[in-house]
Amino acid sequence: MPQWVEAGLWGLVGGIALVLGAAVAWWVRVSRRVVAGIMAFGAGVLISALAFDLVDEAERSGGLGPTAGGFLGGATVYVLINVLLARRGARHRKRSGGQQPSEQDTAGSGAAIAVGALLDGIPESVVLGVSLLGGGGIGVTVLAAVFISNVPEGLSSAAGMKAAGRSARYVFGVWSGIAVASGLAALAGNVLLRTASPATVAAITAVAAGAILAMIADTMIPEAFERTELYTGLLATIGFLTAFVIEHVG
């Protein structure tokens with residue numbers, strides 16, 4: 001199988017986790033405390049993956065300068081776009097309660113939420129495609145981190161969409177579209193960076209890592225803390241340790 005096809009398929013797998021989470025939220029009544037707990041765990045998994053598999057590896061292969069610049073740049077761009085989307089109704093796109101506005105409350109919020117969800121998923125998908133460039137197969141820790149975190153993300157966000165009165169067509173249209181976009185982003189990351197220099201690959205990887213960390217802090221942890229409160233730190237720590245063990249055992 002061509003590597004770029006494999007990259008696209010792994011990106012699609014990560015994106016399908018969002019659809020799976022949305023399906024659970026739509027048809028199964030899940031405690032918001034349980035969702036928040038899984039969200040905290042997923043945040044810890046992602047932090048571990050970006051620290052050891054993305055940023056550390058980027059620094060080793062491309063140097064500190066490109067890595068630091070990319071990391072800060074990715075976080076900055078993510079936050080700036082997120083601020084714009086928040087003003088248009090996407091601030092609480094991962095919240096499972098009644099925080100998300102309906103279209104009647106904020107016109108255009110549906111589109112803003114969809115774009116925000118896409119913004120959250122693309123960096124993760126790009127690094128999946130990039131992880132194949134070394135020829136050693138998919139980065140298992142990164143893939144596990146993306147999949148484990150995407151299920152509660154899709155679940156929590158879809159529950160909030162449902163509470164805001166959005167239709168099943170909208171909800172599953174958004175998450176199915178993002179799943180496909182995730183596959184294409186992974187494919188593009190693999191193809192476009194195949195002949196790039198180590199410094200360029202390091203910078204792009206760090207950009208994605210910075211965006212992921214900003215996303216965790218801005219969207220995942222607030223939802224987790226609202227319900228798990230003082231247990232959030234412990235659950236995130238367990239998630240971090242789980243990813244760390246996967247990396248070193250594997």
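None of these values were measured; they are calculated from a predicted model. (Residues numbered from 1 in each chain as written. Predicted model: local features only at pLDDT ≥ 70, side-chain atom pairs only at ≥ 80, totals over all residues. Heavy atoms only, no water.)

(A) Fine view of the overall build of the protein chain. Scanning the protein chain from terminus to terminus reveals 8 helices and 0 strands. For the protein chain, the N- to C-terminal ordering of α and β elements is α-α-α-α-α-α-α-α. Over its C-alpha atoms the protein chain spans a radius of gyration of 17 Å, differing by no more than 12% from the 18 Å that the globule rule assigns to 250 residues. Seen through its C-alpha atoms, the protein chain measures out along the principal axes to roughly 50 × 35 × 35 Å. Of all 250 residues assigned to the protein chain, the portion counted as buried reaches 48%. For the protein chain, long-range pairs separated by at least 24 residues make up 84% of all intrachain contacts whose partners lie at least 6 apart in sequence. In the structure as shown, the protein chain presents an accessible area of about 11100 Å², 69% of it carried by carbon and sulfur atoms. Seen as two clouds, the 15 positive and the 15 negative side-chain charges of the protein chain have centres 11 Å apart. (Helix = DSSP H or I, 4+ residues; strand = E, 2+ residues; numbered from the N terminus. Rg over C-alpha atoms; globule rule 2.2 N^0.38 Å. Buried < 20%, exposed > 50% of the residue type's maximum accessible area, 1.4 Å probe, protein only. Contact = heavy atoms within 4.5 Å. Areas by Shrake-Rupley, 256 points an atom, 1.4 Å probe, with all protein chains shown as cover. Lys, Arg positive; Asp, Glu negative; His and termini not counted. Charge placed at Lys NZ, Arg CZ, Asp CG, Glu CD.)

(B) View of the UniProt feature "transmembrane region" (unreviewed entry) in the protein chain. Under the feature "transmembrane region" (unreviewed entry), the UniProt entry names residues 7-27, 34-52, 64-85, 128-149, 170-193, 199-217 and 229-246. Helix makes up 100% of residues 64-85 and strand 0%, with an end-to-end C-alpha separation of 31 Å. Across residues 199-217, the secondary structure splits into 100% helix and 0% strand, with the terminal C-alpha atoms separated by 27 Å. (UniProt positions renumbered as here; feature names shortened; annotations may be inferred.)

(C) Structural detail: the packing of aromatic side chains. One pass over the structure, following the stated rule, counts 4 aromatic pairs. Considering the side-chain rings of W27 and F172, the 5.2 Å spacing of their centres and the 25° angle between planes classify their relative orientation as stacked. Residue W27 is located in helix 1 (residues 3-27), and its partner F172 is located in helix 6 (residues 168-192); the two are separated by 145 residues in the primary sequence. Exposure remark for F172: the relative accessible area of 17% places this residue in the buried category. With centroids separated by 5.7 Å and ring planes inclined at 65°, the aromatic side chains of F52 and F240 adopt a geometry described as edge-to-face. Of this pair, F52 sits in helix 2 (residues 32-62) while F240 sits in helix 8 (residues 232-249), placing them 188 residues apart in sequence. Pairwise contacts between aromatic rings join W26, W27 and F172 into one cluster. Here the guanidinium or amino end of K162 rests over the ring plane of W26, the centre of that ring lying 5.0 Å away. (Phe/Tyr/Trp six-rings, centres within 6.5 Å; stacked < 30°, edge-to-face > 60°. Lys NZ or Arg CZ within 6 Å of the ring centre and 35° of its normal.)

(D) Expanded view of the packing of helix 2 against helix 7 (residues 198-228). Interhelical geometry of helix 2 versus helix 7 gives an angle of 160° and a closest axis separation of 8 Å. Classified by the angle between their axes, helix 2 and helix 7 sit roughly antiparallel to one another. Here the hand of the crossing between helix 2 and helix 7 comes out left-handed. Partitioned by chemical class, the residues of the contact of helix 2 with helix 7 number 21 nonpolar, 6 polar and 5 charged. (Axes fitted to C-alpha atoms, helices over the stretch in contact; angles between N-to-C directions. Parallel < 35°, antiparallel > 145°, perpendicular 65-115°, else oblique. Left-handed = near helix turned anticlockwise from the far one by under 90°. Nonpolar A, V, L, I, M, F, W, Y, C, P; charged D, E, K, R; others polar.)

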